[in-house]
Amino acid sequence: MSADKVVAMEKKIKKIRIIINPAAGTGGSILPVFNLSMKEAGTKWEASITHQAGDAIKFAKAAVKEGVDALAVYGGDGTLMEAISGLMGSDIPLAILPGGSANVMAEELGIPKDLKAACALMTQVPLTVKTIDVGQFGDRYFILGIALGFGAEMIKGADRETKNRIGIFAYFLSAATALKKTKKAVYHLKIDGQKHEVQGLTCIIANVGNLGFSNISYDKHINVSDGLLDVVVVRKANLSLFKLLAVTLLKRERPDNLELVEHWQGKEISVSSSPRQTVQCDGEVLKEMPLHIKIIPQAIKVLVPKKKDNVIE
Ligand SMILES: [Mg+2]
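It should be emphasised that the depicted structure is a prediction, and the values quoted were computed from it without experimental measurement.

Caption draft 1: Summary view of the confidence of the model for the protein chain. Considering every residue of the protein chain, the mean pLDDT works out to 84; 80% of them sit at 70 or more. Counting contacts from residues 212-217, a segment whose pLDDT is below 50, to residues more than four positions away or on other chains yields 21 contacts.

Caption draft 2: Representation of helix α3 (residues 77-87) within the structure. Within α3, 10 of the 11 residues are buried, which leaves it mostly tucked inside the rest of the structure. The complete set of buried residues in α3 reads Asp77, Thr79, Leu80, Met81, Glu82, Ala83, Ile84, Ser85, Gly86 and Leu87.

Caption draft 3: Examining unusual backbone geometry more closely. Cis peptide bonds are those with omega within 30 degrees of zero, and the linkage from Ser274 to Pro275 qualifies with -5°. Tracing the backbone shows Pro275 in the loop between β14 (268-274) and β15 (279-281). Here Met289 and Pro290 are connected by a cis peptide whose omega angle stands at 0°. Looking at where Pro290 falls in the secondary structure, it is placed in the loop between β16 (284-285) and β17 (291-303). Phi is positive for Asp192, which is not a glycine, with a value near 45°. Residue position: Asp192 is located in the loop between β9 (185-191) and β10 (194-200). Here the phi dihedral of Gln298 falls at roughly 45°; this positive angle occurs in a residue that is not glycine. Its location among the elements puts Gln298 in strand β17. The exposure class of Gln298 is partly exposed, given its relative accessible area of 37%.

Caption draft 4: Fine view of the pattern of salt bridges. The final tally for this structure, using the stated rule, is 7 salt bridges. The salt bridge partner of Arg17 is Glu66, with a shortest N-O separation of 2.7 Å. Linking Arg17 in strand β2 (residues 15-20) with Glu66 in helix α2 (residues 55-66), this pair joins segments that are 49 residues apart in sequence. Exposure remark for Arg17: the relative accessible area of 15% places this residue in the buried category. Note on Glu66: relative accessible area 34%, which makes it partly exposed. For Glu284, the salt bridge identified is with Arg140, shortest N-O distance 3.5 Å. In this pair, Glu284 sits in strand β16 while Arg140 sits in strand β7 (residues 140-142), placing the two residues 144 residues apart along the sequence. A residue is classified by how much of its surface remains accessible, and Glu284, at 38% relative accessible area, is partly exposed. Taking the relative accessible area as the measure of exposure, Arg140 reaches 22% and is therefore partly exposed. Several salt bridges converge on common partners, so that one network encompasses Lys15, Arg17 and Glu66.

Criteria and thresholds
- Residues numbered from 1 in each chain as written.
- Predicted model: local features only at pLDDT ≥ 70, side-chain atom pairs only at ≥ 80, totals over all residues.
- Heavy atoms only, no water.
- pLDDT = per-residue confidence, 0-100.
- Contact = heavy atoms within 4.5 Å.
- Buried < 20%, exposed > 50% of the residue type's maximum accessible area, 1.4 Å probe, protein only.
- Helix = DSSP H or I, 4+ residues; strand = E, 2+ residues; numbered from the N terminus.
- Salt bridge = Lys/Arg side-chain N within 4 Å of Asp/Glu carboxyl O.

Put into structure tokens, the structure is as follows:
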């Protein structure tokens, strides 16, 4: 059995709601692409346009109530996170149409960047569906992960333009700046009842390992469908850390230097740091601390391509 939880779904999507973030995309017209794809498949579709934060949650909830066969999201990870929040508890499959500046989840799931190819996932026979885990703290959901300290500063610092220009090296550049900003902290962790106190530069609680480039990951063992969150603490920065970053980022190997990196997995995680560090969740800065985080295993069904690792069970 594949750990990736990819299954074929004998269902035809007859009615679909597409949530569109109008700020997303590179300027090409998207409606004709939707229109043609849906027309060819004989699918009825309606679009909802977001104007402010929270709209995608409302639209997703309304679509669940209305009883659509699938929900599609055209936007980045922020819009996607909202749509997933609105879909929680329903069985409706989600189509991710990458249109944002950051499409980490789409990359993680191998969803094509090309809009027409991404739309085709809604009409292929049979549909291919992968169930993914979603993280939660308080009444909020997250799909990528939470970072404290250096990791939060690094993601904040690696802007899209630099990433487009120099790729993965944007993170090394940003890492250098982030290092100067970050002071070490003690992380107070509770992972499935086990307490840990660790000093470090960053603590990352990850649902996906992908950093937004295909096949580049903190750790290839971080699995979006295994029902576990990965907790990674980087203890200190020195030349070995950069070597280690290079190995984990470029070769996708598990960090095995415990002096530098500690790694746990769990379903329920509490975390706080003293002193307080910058905290990011799915790219957004958070104020609350401590965080009580849990994973909701296999919460959402996502339409994915029928290829490579996506073995049909
Ligand atoms: Mg996992």
